[in-house]
Every structure is written in C-alpha cells, then in structure tokens.
Amino acid sequence: MKISDTIKQRLIIDGHRYHASDNISKYIHAGETGELIEEVAEKFEEVLQSLIIDTKTDPNSSGTANRLAKMYVNEIMGGRYLPDPRIASFPNDGQYDQLIVVRMNLKSMCSHHHQPVSGVCYIGCLPGDSVIGLSKYTRVAQHLANRGHLQEELTEMIATRIEKITKSKGVAVYIKARHGCCENRGIMASNSSTQTTVVKGELKSNTNLKQEFMDNIKLQEMADGHS
C-alpha cells in the first residue's frame, strides 16, 4: 500500500477531513514524511513525462520532480504536514488594554490552480488575560498560510487561531494579496489585488476600535507608498 493511502486510511477511520487547507500532521507517523516525498516525486515525474519533458538529457529538468515534491511537502504546503508551532502565552500582568497591530508579509497558495498568493497581513488584537510574543503572530499566520487556500478562508482561520491562543477580547485580520491565478493565467491582471477582513469580539461590536485598526492599516500603507 502506498504511504499516502495508509495516511488517508487513518484519516477516514478517524473521520478527519483532509481538505487542502487542513492540517493532517498527527496522522503522519515518524519517518513517513520522507516516504511521502518519495511517492510525490514519482508522481511529479509522471506529470513531467506526460508534458513531454525529457528529464534525462535536459539538465534543467533533471531532478525537478524531487525538488517539486520537497517544496510541496516541506514548504508551500508544509502547514498541512508539519505540527502547529508551539506558542507560549504569558499573563498580561501589566493589564495592557490597548489595541496591538502586527504587520507581516504572507505567502500562500491558491487551492484552485496551485498558483502563488503573496501579500501583506495585519493582525489586530485587544489583549485579555494572556499575551504572546510579537513574532508569534507571524509564525501562526504563516503556518496556516502554508496550505492550499481561498483568501477568505485563510483570513478567517488566522483570526480564529489568534483568538483561541490569546483569549483576546477582540481580534481583526486584514489581508491584501496578489494572486498568481489572476496574474499568470486567464485575465493576466498584473496589478490586481484582493482584500479580505475578518473582525471578532469587541473589534466587531466597537466601531471606534474597528476604525482604529483600519486607520493603522491606512497609515502603514501610506508609509509604504501604497495609498
């Protein structure tokens, strides 16, 4: 039995969904990631052969199947196969109760055409009893992004995860990204971007807080010359 079938069987028995955006790491046992890469490499080699690419004499295509397999499993879809990062939270001893806004670059992949999605993500968090290190916002967001996604789905997932980890009284996430499926095929819209926003808790119910979050984004975009 192929290693992918073995892993899939575990998922089905447990009733666990395995969509492109799902993390399935707990169903992959020690040593099986390497076996999965080998299997995926064989499949990519078949794809290259079906595309009539000579992987034996073309030096630029030799080893491409293995590189693609490693890239998918370890990198651009690593958020499916690697465990969630351990994020330690700390008591909010100072009882800081003002909005925190963190900005980061974000890379993902469209689950429709497997084209790159690249942009910027803003996370707004109104601290509750716990806080996390500033770099951890980026770590959480990028781990979730390293899967196959729709941008709307990813925005919701980041907001939900940050809300759970921080036990925040209010969370907001804004993503502005360019999509390879729009730029590299179809309409070839090289300057297009998609913006999505999710607000939860007090950032949803408190108009002033929500406006403060959006004003922070506007100021940063102006500073970067994107206004």
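Scroll up to find the structure this text is about.
Structure report, in brief. Please read all numbers here as calculations on a predicted model, not as lab measurements.

Looking now at the side chain of Thr-55. One can find Thr-55 in the loop between α2 (32–50) and α3 (64–76). A residue is classified by how much of its surface remains accessible, and Thr-55, at 10% relative accessible area, is buried. Contacts of Thr-55, omitting those with residues within four sequence positions, involve Glu-45, Leu-48, Gln-49, Ser-61 and Ser-62.

In total, this model carries 2 aromatic pairs according to the counting rule given. A centroid spacing of 5.4 Å and a plane angle of 50° characterise the contact between Phe-44 and Tyr-72, whose relative ring orientation is tilted. In this pair, Phe-44 is assigned in helix α2 and Tyr-72 in helix α3, connecting sequence segments 28 residues apart. Per residue, the accessibility class of Phe-44 equals that of Tyr-72, and both read buried.

Where α2 meets α3, the axes come as close as 8 Å, and the angle between the chain directions of the two elements is 130°. Classed by the angle they form, the pair α2 and α3 counts as oblique. The element α2 and its partner α3 pack so that their crossing is right-handed. Contact residues: α2 offers Thr-33, Ile-37, Val-40, Ala-41, Phe-44, Glu-45 and Leu-48, while α3 offers Thr-64, Ala-65, Asn-66, Leu-68, Ala-69, Lys-70, Tyr-72, Val-73 and Asn-74. Considered class by class, the residues forming the contact of α2 with α3 number 10 nonpolar, 4 polar and 2 charged.

In this fold, Asn-206 is placed in the loop between α8 (202–205) and α9 (207–223). For the pair formed by Asn-206 and Ile-187, sequence separation is 19 residues and the distance between their alpha carbons is 39 Å.

Attention shifts here to the environment of His-112. Its place among the elements puts His-112 in the loop between β2 (100–110) and β3 (116–126). Judged by relative accessible area, His-112 falls into the exposed class, the value being 59%.

The final tally for this structure, using the stated rule, is 6 salt bridges. With its nearest N and O atoms 2.8 Å apart, the salt bridge here joins Lys-200 to Glu-156. Taken together, the residues Lys-200 in strand β7 (residues 194–201) and Glu-156 in helix α6 (residues 151–166) connect sequence positions 44 residues apart. Here Lys-200 falls in the buried class, since its relative accessible area comes to 17%. Put simply, Asp-84, Arg-147 and Arg-161 are held in one network by salt bridges that share partners.

Ranked by size, the top nonpolar core spans 27 residues in total, and within it Leu-106, Cys-121, Ile-123, Tyr-137, Ile-158, Val-173 and Ile-175 carry the most contacts. Of all the secondary-structure elements, those providing two or more residues to this core are β2, β3, α5 (134–145), α6 and β6 (170–179). When residues no more than four places from it in sequence are discounted, the contact partners of Leu-106 are Val-117, Ser-118, Gly-119, Cys-121, Ala-141, Gln-142, Ala-145, Leu-154, Ile-158 and Ile-175. Core analysis: the next-biggest nonpolar cluster, separate from the first, contains 18 residues, Ile-7, Tyr-27, Ala-65 and Val-73 among them.

Positioned with a positive phi, Ile-52 is a non-glycine residue whose angle comes to about 60°. Checked against the element boundaries, Ile-52 lands in the loop between α2 and α3. Residue Lys-167 is not a glycine yet carries a positive backbone phi of 55°. The exposure class of Lys-167 is exposed, given its relative accessible area of 59%.

Bringing the sheet that holds β2 into the picture now. Spatial strand order, β5-β2-β3-β6-β7: 5 strands in an open sheet with mixed pairing. Edge positions in the open sheet fall to β5 (148–149) and β7, since each of these has one partner strand only. Pairing of β2 with β3 involves 10 bridges; the strand directions are antiparallel. Note that in β3 the partner of Arg-103 across the bridge is Tyr-122.

Quick look at α2 now. Its 19 residues place the ends of α2 27 Å apart at the C-alpha level, agreeing with the 27 Å of an ideal helix rising 1.5 Å per residue. Buried within α2 are the following residues: Glu-32, Leu-36, Ile-37, Glu-39, Ala-41, Phe-44 and Leu-48. The secondary structure elements touched by the buried residues of α2 are α1 (3–14), α3 and α4 (78–81). Count one or two residues on from α2 and you reach Ile-52, which has phi positive near 60°.

About the criteria used
- Residues numbered from 1 in each chain as written.
- Predicted model: local features only at pLDDT ≥ 70, side-chain atom pairs only at ≥ 80, totals over all residues.
- Heavy atoms only, no water.
- Helix = DSSP H or I, 4+ residues; strand = E, 2+ residues; numbered from the N terminus.
- Buried < 20%, exposed > 50% of the residue type's maximum accessible area, 1.4 Å probe, protein only.
- Contact = heavy atoms within 4.5 Å.
- Phe/Tyr/Trp six-rings, centres within 6.5 Å; stacked < 30°, edge-to-face > 60°.
- Axes fitted to C-alpha atoms, helices over the stretch in contact; angles between N-to-C directions.
- Parallel < 35°, antiparallel > 145°, perpendicular 65-115°, else oblique.
- Left-handed = near helix turned anticlockwise from the far one by under 90°.
- Nonpolar A, V, L, I, M, F, W, Y, C, P; charged D, E, K, R; others polar.
- Salt bridge = Lys/Arg side-chain N within 4 Å of Asp/Glu carboxyl O.
- Core = buried A, V, L, I, M, F, W, Y, C linked by side-chain atoms within 4.5 Å.
- Pairing = 2+ DSSP bridges.
- Expected span 1.5 Å × (residues − 1).

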